[in-house]
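# A closer look at the structure
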Amino acid sequence: MDAAIGRLLGWRKKVEYVKHSDDGAAVRRTLWVVPAGNETGIVPQFTTSIDAAMLLVNEMAADGAGGVSWANGKGTAIIGDGPYCVAATPALALCIAALRAKKARVADGA
């Protein structure tokens, strides 16, 4: 799921084939290229890290105030006047809220 979110933000998948040192056989290696660059990096763990989920919020719904909470074993998040989003973790709830906010902005023509 993190890779799919990363793609929405501009991360690109790059596949290379390198020779394995032991037998010379080609080994497939998947790399991720950072948005707006050519350097490789690691796609943030949006669904498990609040910090990474906030990166998504800033990209998808930068103009919306919101909040996130953890209570009774559930994560809850809201952005702007959007719906409350409930998930297994606060980071995942933030991801859902950010994606819903982006969808609403697109539907409104923004």
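These notes cover the structure that comes with them. Bear in mind the structure is a predicted one, so any value in this text is a computation, not a measurement.

### Brief notes about the overall build of the chain
Secondary structure summary: the chain contains three helices and six strands in total. Listing the helices and strands of the chain from first to last along the sequence gives α-β-β-β-α-β-β-β-α. Its C-alpha atoms give the chain a radius of gyration of 17 Å, more than 25% over the compact-globule value 13 Å for 110 residues. For the chain, buried positions account for 32% of its 110 residues. Total accessible area computed for the chain in this model is approximately 7100 Å², and 54% of it derives from carbon and sulfur atoms. Positive and negative side-chain charges in the chain, numbering 12 and 10 respectively, have mean positions lying 6 Å apart.

### Quick look at the nonpolar core
Residues Leu9, Trp11, Phe46, Leu56, Ile79, Cys95 and Ala98 are the most contacted members of the largest nonpolar core, which totals 24 residues. Residue assignment for this core shows that the elements contributing at least two residues are α2 (50-60), β5 (74-79), β6 (85-87) and α3 (90-107). Here this core gets seven residues from one element, more than from any other, and that element is α3. Apart from the residues within four sequence positions on either side, leucine 9 is in contact with Pro35, Phe46, Leu56, Glu59 and Met60.

### Some points on the sheet that holds β6
Spatially, three strands are ordered β4-β5-β6 in an open sheet, and the strand pairing comes out antiparallel. The open sheet has two edge strands, β4 (66-71) and β6, and neither has a second partner. Across this sheet, the average inter-strand angle for adjacent strands is 15°, counted without regard to direction. Contacting β4, β5 and β6, α3 crosses the sheet at an angle of about 25° to β5.

### Some words on the sheet that holds strand β3 (residues 40-41)
Note: strands within a sheet are paired through backbone hydrogen bonds, in either parallel or antiparallel orientation. As summarised here, the arrangement of the three strands in space is β1-β2-β3, forming an open sheet in which the pairing is antiparallel. Whereas interior strands pair on both sides, the edge strands pair on one side only; in this sheet they are β1 (12-19) and β3. Note: β1 against strand β2 (residues 26-33), eight bridges, orientation antiparallel. Looking across to β2, one finds that valine 15 is bridged to threonine 30.

Thresholds, definitions, all that
- Residues numbered from 1 in each chain as written.
- Predicted model: local features only at pLDDT ≥ 70, side-chain atom pairs only at ≥ 80, totals over all residues.
- Heavy atoms only, no water.
- Helix = DSSP H or I, 4+ residues; strand = E, 2+ residues; numbered from the N terminus.
- Rg over C-alpha atoms; globule rule 2.2 N^0.38 Å.
- Buried < 20%, exposed > 50% of the residue type's maximum accessible area, 1.4 Å probe, protein only.
- Areas by Shrake-Rupley, 256 points an atom, 1.4 Å probe, with all protein chains shown as cover.
- Lys, Arg positive; Asp, Glu negative; His and termini not counted.
- Charge placed at Lys NZ, Arg CZ, Asp CG, Glu CD.
- Core = buried A, V, L, I, M, F, W, Y, C linked by side-chain atoms within 4.5 Å.
- Contact = heavy atoms within 4.5 Å.
- Pairing = 2+ DSSP bridges.
- Axes fitted to C-alpha atoms, helices over the stretch in contact; angles between N-to-C directions.

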